[in-house]
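Chain by chain, the residues run as shown.
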Amino acid sequence: MNWQKTITRRTVLKLLGGIGLMGLSPSLALGVDPLKKKNDFMDEFFQKNYRIMSKKEKLEAVERLKRRYQKEYGKTFDISTQDANNGTKYVYLLDIGRCIGCRKCVTACMKENNTSRGGEKSSQIEYIQVLKFKKGKPMRLEDGDAYYNDKQVPDPDAFYMPIACQQCENPPCVKACPTKATWTEKEGMTVVDYNWCIGCRVCVNACPYGARKFNWGKPNIPIDELNTETHYLSNRPRSKGVVEKCHFCIQRVRDGKYPQCHKACPTGVRKFGNLLDPSSEVHYIFKKYKVFRLKEDLNTEPRFYYYSSVG
Amino acid sequence: MKLIGNIFMALIKGKPLYYVWLAVLVVIMAWGGQAFILQCREGLIGSALSDSFPWGFQIANFVFLVGVAAGAVTLVMPAYFFGNKVAREWVFVGESLAIVSIIMALLCILTDIGHLERLWHLIPPFGLLNLPTSLLSWDVLVINGYLFINIFLVLFILWKGFYNKPHGLAYRFIFLPITYISIVWAFAIHSVTAFIFSSMISRPYWNNALMAPKFIATAMATGPVVMILILFLIAWRYKLVLQQELLSLLAKVSFFALGATIFIVLSEMFVELYSGTEHTRSALYWWVGLSGHSGLSLYSWGSFLMMVVGFLLLPLSGFGARKSILALASFIIALGIWIEKGIGIIIPAYVPNNLGRIYDYWPNKHEMMIVTAIWALGLLLYTLVLKVTIPILKNKID
């Protein structure tokens, strides 16, 4: 039975080759951030998906990350692993009748969430895109202007529509992910485990709202603008080659604060709150105004609503 | 043991042309490989991809190559399902083509993901496959399964050919059932690959039930013509005579599949261009351009023309009687489908993007280098496989 020998030999060789490759590739891919502590490097490499980690494993992962960030950025990070609040379903409402298109939410979000500012070797990541539409014309996405550069806002002939992740109740991105690296938290935000994402970008393809962003290069963030108050599932610094997205500022919301875009908005057109709480502002708006959602025909059931309080 | 020795000798012994060919391929691989090494250090920023074009040239080649692998079934099916003796004699060409093109397809993916070292997240039981909802998870399973099935089949044929074994129990109860599985599996790999795209509600251009039939039809059209070209090369190199029956079989399969492909493309074109809804913007971009962006219409009409001309040339070649016409037809069919089922499937789907922006994408040098290296590696691998299998199975020493 000579052939059996051949096959076992081949299999063994292939296995050995595979293990060799596996050992080699992390050092190749992460070659830019050398870690002195060898076991930290390997432990991070072998760490599990966040959702199946025990409490202890989560704490260990956080400590490892803190050490890595300390080395990389020279700053001490606070990385929370606080779970979702019970009895909350967050929704976001945006009053497009009164949005003035100042894009303060965009920049505030970038700073709060440590997104890459772009540059020669990295891409710029903005979770919110504001589209400017001409008044008196039907709202067709293709007619929106994403790069308006007006000296003064608002343009009286325009209305504005900020778009970010719609936090779908039926998210196509979560369905498409091959590794379960992204999921929806109990409160409704879809999050990414940046340590589990393999960077295949099938979710970027699957999202109908262009909400998912990929780190094409190593994120470029000015050290003095880093926000060190972070959550594991939201704004902690990411590596190159992973997908990220808006998460309603989990690091703030679970701390009882509003998302940063809500705080930054000078006109108060952004409304955020718990749908399950009958006394909440969002509940009131739902009763008072006609709301609508983007691409309703896709049945993604967004938790992000638009309405207009004027006109 | 004697088999391993022979394989080893077959690999290292050869005419000067063999060494020159290998050297050229290695040089191309080394040149293109630099781009990959740079990518490992700096990420995919060197490519022309962006959040509006998350997939590009590598995925386009992936789709085409999975099609070639599935198309190998056009030789395997006649050989074992219809008991065609001539097809059976040459079936190893198809099976080894499946192996090589699957490996190339996998490399297209591996060089395209952001965290190659996290690949183990896809390998159960260590990783977590997102079954049953993720089509990409299914694709990982079926594509790797197809690879291993075909490696087994080629090794089995090789072993039998080498020791001149008669058909025994192992043949009937292991080899044949696995061969039948491989036939069904070939359809599965390409359907699942098509479902990755057609399942996406975010891209109306892909979210189309014709996607899987189109993938299968193009695969059945490409597989035979690629094999015809390879057979011509083998016949030239080893001074073998190809049976007319074999060429005619492959040419006819390609003819019918290509006819189906053209029909599918025309019917898509009709529905999209006639209805003219917002959902047909991508098709408009591909065929005639959109808002002044018309960089691809040369490719769309070019590839369509190539398929039509190839379709007419196949009968004109007498389905293989006139070899030079057949070779020409095979080449333009393969090229036409490579364009249609590569960039023609991927790029238009992103135009306009999800929020209505119209951007253009064209692979840059970085992506071309990586894809060229993968093609060189595939050719190298296929050369080595044929170098080993042909002397054993055809009793022809180079």
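The structure presented is a predicted model; accordingly, all values stated were derived computationally and were not measured. All residue numbers refer to positions counted from 1 along the written sequence of the respective chain. Both sets of labels track the order of writing: A upward for chains, 1 upward for ligands. Per-residue local features are limited, in this predicted model, to residues with pLDDT of at least 70; the limit for side-chain atom pairs, both in listing and counting, is 80 or more; totals at the level of whole chains, interfaces and linings are taken over all residues. Note: side-chain values were computed over all heavy atoms of the structure, leaving out hydrogens and water.

## Section: the overall build of chain B
We count it as follows: To qualify as a helix, a DSSP run of H or I must reach at least 4 residues; to qualify as a strand, a run of E must reach at least 2; elements of each kind are numbered from the N terminus. C-alpha atoms define the radius of gyration in this analysis, and the globule rule sets the expected value at 2.2 Å times the number of residues to the power 0.38. Exposed residues in this analysis have more than 50% of their type's maximum accessible area, buried residues have under 20%, and partly exposed residues fall in between, with area computed by a 1.4 Å probe over protein chains only. By the convention used here, residues are in contact when the closest approach between their heavy atoms is within 4.5 Å. His is not counted, nor are the chain ends; Lys and Arg add positive charge and Asp and Glu add negative charge. For this purpose, a charge sits on NZ of Lys, CZ of Arg, CG of Asp or CD of Glu.
When helices and strands are counted, chain B shows 15 helices and 0 strands. Radius of gyration (C-alpha) of chain B: 21 Å, near the 21 Å computed for a compact globule of 398 residues. Reported as C-alpha extents along the three principal axes, the dimensions of chain B are approximately 65 × 50 × 45 Å. The buried share of chain B, taken over its 398 residues, is 58%. Restricting the contact set of chain B to residue pairs at least 6 apart, pairs at least 24 apart contribute 78%. Distance between charge centres in chain B, computed from 24 positive and 15 negative side chains, equals 17 Å.

## Things to note about the overall build of chain A
Just so we agree on the cut-off: Shrake-Rupley sampling with a 1.4 Å probe provides the accessible areas, and residues are treated as covered by the protein chains on show and by no other component.
When its secondary structure is counted, chain A shows 9 helices and 14 strands. Counting every position in chain A, which comprises 311 residues, the buried fraction comes to 54%. Within chain A, contacts between residues at least 6 apart in sequence are counted, and of these 68% link residues at least 24 apart. Of the roughly 14,400 Å² of accessible surface on chain A, 55% is carried by carbon and sulfur atoms.

## Let's talk about the interface of chain B and chain A
For the record, the criterion: Note: buried area is the sum, over both parts, of the accessible area (probe 1.4 Å) each one loses when the two are combined. By definition, a salt bridge exists where a carboxyl oxygen of Asp or Glu is found within 4 Å of a side-chain nitrogen of Lys or Arg.
With 55 residues of chain B at the contact, the number on the chain A side is 71 residues. Around 5,300 Å² of area is buried between chain B and chain A when both sides are counted, 60% of it from carbon and sulfur atoms. Applying the counting criterion to the chain B and chain A interface returns 4 salt bridges. The residue Arg140(A) makes a salt bridge to Glu278(B) at a minimum N-O spacing of 2.8 Å.

## Remarks on the packing of helix H1 (residues 2-12) of chain B against helix H15 (residues 365-394) of chain B
Residue and element names in this part refer to chain B. Put simply, the test is: Lines fitted to the C-alpha atoms define the axes, with helices restricted to the stretch that makes contact. Angles between their N-to-C directions range from 0 to 180 degrees. Comment on the angle field: the value is read as roughly parallel under 35 degrees, roughly antiparallel over 145, roughly perpendicular from 65 to 115, and oblique elsewhere. Rotating anticlockwise by less than a right angle from the far helix to the near helix defines a left-handed crossing, while the corresponding clockwise rotation defines a right-handed one. Put simply, Ala, Val, Leu, Ile, Met, Phe, Trp, Tyr, Cys and Pro go in the nonpolar bin, Asp, Glu, Lys and Arg in the charged bin, and everything else, Gly too, in the polar bin.
Two elements in contact, H1 and H15, have axes whose closest approach is 9 Å; the angle formed by their N-to-C orientations is 120°. Taken as axis vectors, H1 and H15 run oblique relative to one another. Every pair of crossing elements has a handedness; the one defined by H1 and H15 is right-handed. Taken together, the residues of H15 that come into contact with H1 (itself represented by Leu3, Ile7, Ala10 and Leu11) are Leu384, Lys387, Val388 and Ile392. Here the contact of H1 with H15 is composed, by residue class, of 7 nonpolar, no polar and 1 charged.

## Re the nonpolar core
Residue and element names in this part refer to chain B. Threshold: In these notes, a set of buried Ala, Val, Leu, Ile, Met, Phe, Trp, Tyr and Cys residues joined through side-chain atoms within 4.5 Å is what counts as a nonpolar core.
By size, the foremost hydrophobic cluster in this structure holds 149 residues, and its most contacted members are Trp55, Trp90, Phe197 and Trp206. Sort the elements by how many residues they give to this core and helix H9 (residues 211-238) lands first, with 17 residues. Residue contacts for Phe197: discarding those within four places in its chain leaves Trp55, Ile59, Val63, Trp206, Asn207, Met211, Phe215 and Ile346.

## Observations regarding the side chain of His231(A)
Residues and elements named next belong to chain A. Heads up, the rule is: Any N or O atom pair separated by 3.5 Å or less is treated as a polar contact, with the protein-specific requirement of one donor-capable and one acceptor-capable atom, and with residues adjacent in sequence counted only for side-chain atom pairs.
With respect to the helices, strands and loops of the structure, His231 is situated in strand E10 (residues 229-231). Here Gln82 takes part through its backbone oxygen, which lies 2.9 Å from a polar atom of the side chain of His231. Here Leu233 takes part through its backbone nitrogen, which lies 3.0 Å from a polar atom of the side chain of His231.

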